[in-house]
Amino acid sequence: MRACEVLASVTELAGAIGARLEPVLIPWDCADGFFEAYWRRPECYLDDSVRRGISVWDSVGPDVEQRVLLALRGDLASGRWAERNRDLVALEAAELGARLLIA
């Protein structure tokens, strides 16, 4: 939800200064470490050291984090994640909401 609020403010800012917003594609092997960087490598979220570098986990709290991890582990082990996201696996990059403000 916070990302939506930020995007709305950036959209308003762009309009106010006559700028435009351009989508920024996130490559599947992005090494930056922000939340969306692992969109095609969900097993990375199971690594505590990876999660500690992603602020969204602090925002949702430890109970939600543990529920998400439990569900993700199960989905990865059963193949459900791969089945639900089979279209993603072939992509080299994805548009996940990141925007570049160009003035």
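Whatever comes next refers back to the structure up there.
Quick caveat, the model's predicted, so the values are computed rather than measured.

A. Broad picture of helix 4 (residues 62-78). For helix 4, which comprises 17 residues, the first-to-last C-alpha distance of 24 Å matches the rise-based estimate of 24 Å (1.5 Å per residue) to within 8%. Within helix 4 the residues assigned to the buried category are Glu65, Leu69, Leu72 and Asp75. Along the axis of helix 4, the buried residues cluster in a sector spanning 135°; they form a single face. Across from the buried face of helix 4, at angles greater than 90 degrees, the exposed residues are Asp63, Arg67, Leu70 and Ala77. Tucked into the core, helix 4 has its buried residues touching helix 2 (48-51), helix 3 (56-60) and helix 5 (80-84). Among the residues trailing helix 4, Gly79 stands out with phi positive, at a value near 90°.

B. The layout of surface pockets, seen in detail. Looking at the second largest pocket, its volume works out to about 220 Å³. As for the second largest pocket, its lining consists of Phe35, Glu36, Tyr38, Trp39, Pro42, Tyr45, Trp57, Val68, Leu72, Trp81 and Leu96. Residues of the lining of the second largest pocket, tallied by class, amount to 10 nonpolar, no polar and 1 charged.

What counts as what
Residues numbered from 1 in each chain as written. Predicted model: local features only at pLDDT ≥ 70, side-chain atom pairs only at ≥ 80, totals over all residues. Heavy atoms only, no water. Helix = DSSP H or I, 4+ residues; strand = E, 2+ residues; numbered from the N terminus. Expected span 1.5 Å × (residues − 1). Buried < 20%, exposed > 50% of the residue type's maximum accessible area, 1.4 Å probe, protein only. Arc of directions from axis to C-beta. Contact = heavy atoms within 4.5 Å. 1 Å grid on protein atoms, 1.4 Å probe; cavity = no way out; pocket = protein on both sides within 12 Å on 5 of 7 lines; lining within 4 Å. Points joined across faces, edges and corners; volume = space filled by probe spheres on them. Nonpolar A, V, L, I, M, F, W, Y, C, P; charged D, E, K, R; others polar.

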